[in-house]
Amino acid sequence: MQRFVIKSTIYQYDSVEELPEKEQELVRLARESAQRAYTPYSGFRVGAALLLQNGSIITGNNQENAAYPSGSCAERTALFYANSVNPDSPVEVMAIAAIKKNGEPVDKPVYPCGACRQVMIESEIRYGVDQRVIFTGKDKIMAVASVKDILPLWFDNKFPDPGHV
Ligand code: THU
């Protein structure tokens with residue numbers, strides 16, 4: 001028997017102002033995009049903003065559906081759109097934000113669901129470029145340098161021999 005310990009590095013910032021200016025802009029755009037989410041069922045509005053290597057910024061938000069599983073999270077809405085309009089440009093940074101009913105940012109950072117993490121890792125591996133991800137709460141901002149930090153033992157296109165242990 002062998003025992004492996006999986007480690008991830010997660011960075012914490014105590015305010016948005018601690019981030020580089022370009023990333024502050026991404027957080028602002030993710031929050032703004034959340035205002036436009038379609039969430040008649042959960043009322044939980046999430047926005048994502050992506051900075052691509054070519055400098056483009058793409059946003060997306062959650063789009064719910066009366067047939068619940070047919071809806072899409074903010075992260076996948078944004079990523080699929082980014083990859084469809086800029087197929088040659090890797091995503092460098094993704095900022096994720098959720099807002100309360102009154103439009104204010106939620107207190108604690110929001111982390112993506114498992115299905116979104118899978119789509120995010122596909123994008124990271126497809127371009128071979130690590131994707132920084134910023135999870136935002138009101139004054140608590142967390143970040144990872146790669147999707148691999150939030151999806152250890154990921155499933156990838158190397159199947160049946162994955163690109164890890
Ligand atoms: N949701 C997102 O858009 N992103 C997340 O990271 C978590 C969950 C959405 C899906 C659904 O529309 C609502 O939030 C409640 O689950």
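Relevant structure appears above.
Residues numbered from 1 in each chain as written. Predicted model: local features only at pLDDT ≥ 70, side-chain atom pairs only at ≥ 80, totals over all residues. Heavy atoms only, no water.

### Section: the packing of helix H2 (residues 74–85) against helix H3 (residues 114–127)
Test applied: In this analysis an axis means a line fitted to C-alpha atoms, helices contributing only their contacting stretch, and an angle means the value between N-to-C directions, from 0 to 180 degrees. In this description a helix means any DSSP run of H or I spanning at least four residues, a strand means any run of E spanning at least two, and both kinds are numbered starting from the N terminus. Roughly parallel means an angle under 35 degrees; roughly antiparallel means over 145; roughly perpendicular covers 65 to 115; every other angle is labelled oblique. Left-handed describes a crossing whose near helix is turned anticlockwise from the far helix by less than a right angle; the clockwise case is right-handed. Two residues form a contact once any of their heavy atoms are found within 4.5 Å.
H3 packs onto H2 with a crossing angle of 25 degrees between their chain directions and a minimal axis gap of 9 Å. By the angle between their directions, the pair H2 and H3 is classed as roughly parallel. The crossing of H2 and H3 is left-handed. Note on element contacts: H3 touches H2 through Ala115, Cys116, Val119, Met120, Ser123, Arg126 and Tyr127, opposite Glu75, Arg76, Leu79, Phe80 and Asn83.

### So, the sheet that holds strand S4 (residues 91–99)
Which entries qualify depends on this criterion: Paired strands, in this sense, are two strands between which DSSP finds at least two bridges.
With mixed pairing, six strands are arranged side by side in an open sheet as S1-S6-S5-S4-S2-S3. Of all strands in the sheet, those with a lone pairing partner are strand S1 (11–13) and strand S3 (57–61), marking the two edges. Averaged over neighbouring strand pairs, the angle between their axes works out to 20 degrees when direction is ignored. As paired strands, strand S2 (residues 45–52) and S4 are joined by eight bridges and run antiparallel to one another. Residue pairing in the sheet places Gly47 in a bridge with Ala97 of S4. Lying over the sheet, helix H1 (residues 21–34) contacts S2, S3, S4 and strand S5 (132–136), oriented at roughly 145 degrees with respect to S2. Lying on the sheet, H2 is in contact with S2, S3 and S4; it crosses S3 at an angle near 140 degrees.

### A few points about the environment of Gln63
What counts is decided by this rule: For the exposure calls, accessible area comes from a 1.4 Å probe over protein chains only, and a residue counts as buried if that area is under 20% of its type's maximum, exposed if over 50%, partly exposed in between.
Here Gln63 is to be found in the loop between S3 and H2. Gln63 sits in the partly exposed class, given a relative accessible area of 32%. Along the backbone, Gln63 and Pro40 are 23 residues apart, and their C-alpha atoms lie at a distance of 9.2 Å. Here Gln63 is in contact with Arg36, Ala37, Tyr38, Gly71, Ser72 and Thr77, once residues within four sequence places are set aside.

### Structural notes on the site of the ligand
Our working rule: Proximity criterion: a residue is near a molecule or strand once any of its heavy atoms comes within 4 Å of it. Whenever two N or O atoms come within 3.5 Å, that pair is a polar contact, provided that in protein one can donate a hydrogen and the other can accept it, and provided that, for residues adjacent in sequence, both atoms are side-chain atoms. Only the protein chains shown count as cover for residues, and the accessible areas themselves come from Shrake-Rupley with a 1.4 Å probe. Gly counts as polar in this scheme, as do all residues outside two lists: the nonpolar Ala, Val, Leu, Ile, Met, Phe, Trp, Tyr, Cys and Pro, and the charged Asp, Glu, Lys and Arg.
Close to the ligand lie Ser42, Phe44, Val46, Asn62, Glu64, Cys73, Ala74, Glu75, Val110, Tyr111 and Pro112. At a separation of 2.5 Å, an oxygen atom of the ligand approaches a polar side-chain atom of Glu64. Taking Glu75, its side chain carries an N or O atom lying 2.6 Å from an oxygen atom of the ligand. If the ligand stood free it would expose 370 Å²; the protein chains cover 75% of that surface. Grouping the amino acids of the shell around the ligand by side-chain chemistry returns seven nonpolar, two polar and two charged.

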